[in-house]
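# An overview of the molecular structure
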Protein chains: 2
Amino acid sequence: MFRGVHNINLDAKGRMAVPARYRQLLHECNDGALVVTIDTEEACLMVYPLNEWEPIQAKLEALPSFNPAARRIQRLIIGHATDIEMDANGRLLLPAPLREYAGLEKKMIMMGQGKKFELWDEEHWNKRRQSYLEAMREDTQLPEELMNLSL
Amino acid sequence: MFRGVHNINLDAKGRMAVPARYRQLLHECNDGALVVTIDTEEACLMVYPLNEWEPIQAKLEALPSFNPAARRIQRLIIGHATDIEMDANGRLLLPAPLREYAGLEKKMIMMGQGKKFELWDEEHWNKRRQSYLEAMREDTQLPEELMNLSL
DNA sequence: CACAACAACCCACAATTACCCACAAAACAA
DNA sequence: TTGTTTTGTGGGTAATTGTGGGTTGTTGTG
């Protein structure tokens, strides 16, 4: 289970150093094999350990082929999903097309989200966080499921 | 299971280099034998390993012969399906008529989609991707199967 | 039968990537 | 503090991969 934020720098080759505390964990469960893909609603990337990813891909593939919305999601999410591995130094090389999608250049944010990580451009995340906070304070109309949530 | 995007260049003879990571996989399961055909909804091509293709063709052939829509699909999909093989350098020669159908000239996209690959003209895919993303961000009315999907 | 068009095969070079090593910076211990 | 270990960063090099094109063989056409 991943959680927490980390400020990470991308180097000139597009590599990011995974925080040391996660390295052993990632090596243990999949020998460092991960899958990175795009988030379709936000300009950010999602990173899954391989074993967490596989059932997701299976579910997406099972969607009906002639449903346009399903095809759209398959093309976007499976289409962008790329296998990556940590190198000997605990770094991940993020594919150029995905870096471009999320606007990742140097300063970025790595955020634990349960079974996956999210990667954001730092500046973009700061703005988005701000707008999320504002939305929370205005929104009186939360969905049912949330109204009953007790933190 | 195929996934991920790759930028590929077609050479003057209409050949594309398969990304190295897939070559061994393709050789192992069918000795590099593939089937390429058209996608009827989009100007793109679909490439199947031979063993994945065969049940699909069988299913299409089983459709009722007197149903005009079925005949249409059979003619389009089976009609355009062509056997191809990787050459010694891991390249595929794409048949000229299919290249023309998908508007493939030089810069193209190869996209893993589960049991198959899709081939797109780069520019065409970029436009399509953009429209997919816009649809994702607007669509409030997703089909049932998708509403409950948790990624 | 001769020719043209095309496809298969081969080789060689260019470009890119993966792997490795070395150092800098930070964290921790004594 | 000072020394020691861990973590983060940069970049060189060798190996792999991508690209172009020449030559030979095959197929179809006039």
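Note: the structure precedes this text.
These notes cover the structure that comes with them. Computed from a predicted structure; not experimentally measured.

## Let's talk about the sheet that holds strand β7 (residues 107-114) of chain A
Residue and element names in this part refer to chain A.
- Overall, antiparallel pairing links the six strands, which are arranged β1-β7-β8-β4-β3-β5 in an open sheet. Among the strands making up the open sheet, the edge pair consists of β1 (2-9) and β5 (82-85). Pairs of neighbouring strands in the sheet enclose a mean axial angle of 25°, with direction left out of account.
- Summarising the sheet, strand β3 (residues 33-38) and β5 pair through four bridges and their orientation is antiparallel. For L34, the partnering residue across the bridge sits in β5 and is I84.
- Along the sheet, helix α5 (residues 122-138) contacts β1, β7 and β8 (116-121); its crossing angle with β8, the most-contacted strand, is approximately 100°.

## Examining the pairing of strand β4 (residues 45-49) of chain A
Residue and element names in this part refer to chain A.
- The element β4 is largely enclosed, with a buried count of five among its five residues.
- Here β4 shows no split at all, with L45, V47 and P49 on one side and M46 and Y48 on the other all buried.
- Across five bridges, β3 lies against β4 in antiparallel orientation. Residue pairing for β4: L34 is matched across the bridge by P49.
- The hairpin turn running from β3 into β4, its antiparallel successor, is six residues long.
- Looking at chain direction, β4 and β8 are connected through three bridges and run antiparallel. Paired with V47 across the bridge in β8 is F117.

Basis of the calculations
Residues numbered from 1 in each chain as written. Chains lettered and ligands numbered in written order. Predicted model: local features only at pLDDT ≥ 70, side-chain atom pairs only at ≥ 80, totals over all residues. Pairing = 2+ DSSP bridges. Helix = DSSP H or I, 4+ residues; strand = E, 2+ residues; numbered from the N terminus. Axes fitted to C-alpha atoms, helices over the stretch in contact; angles between N-to-C directions. Contact = placed C-beta atoms within 7 Å. Buried ≥ 20, exposed ≤ 12 C-beta atoms within 10 Å, placed from the backbone.

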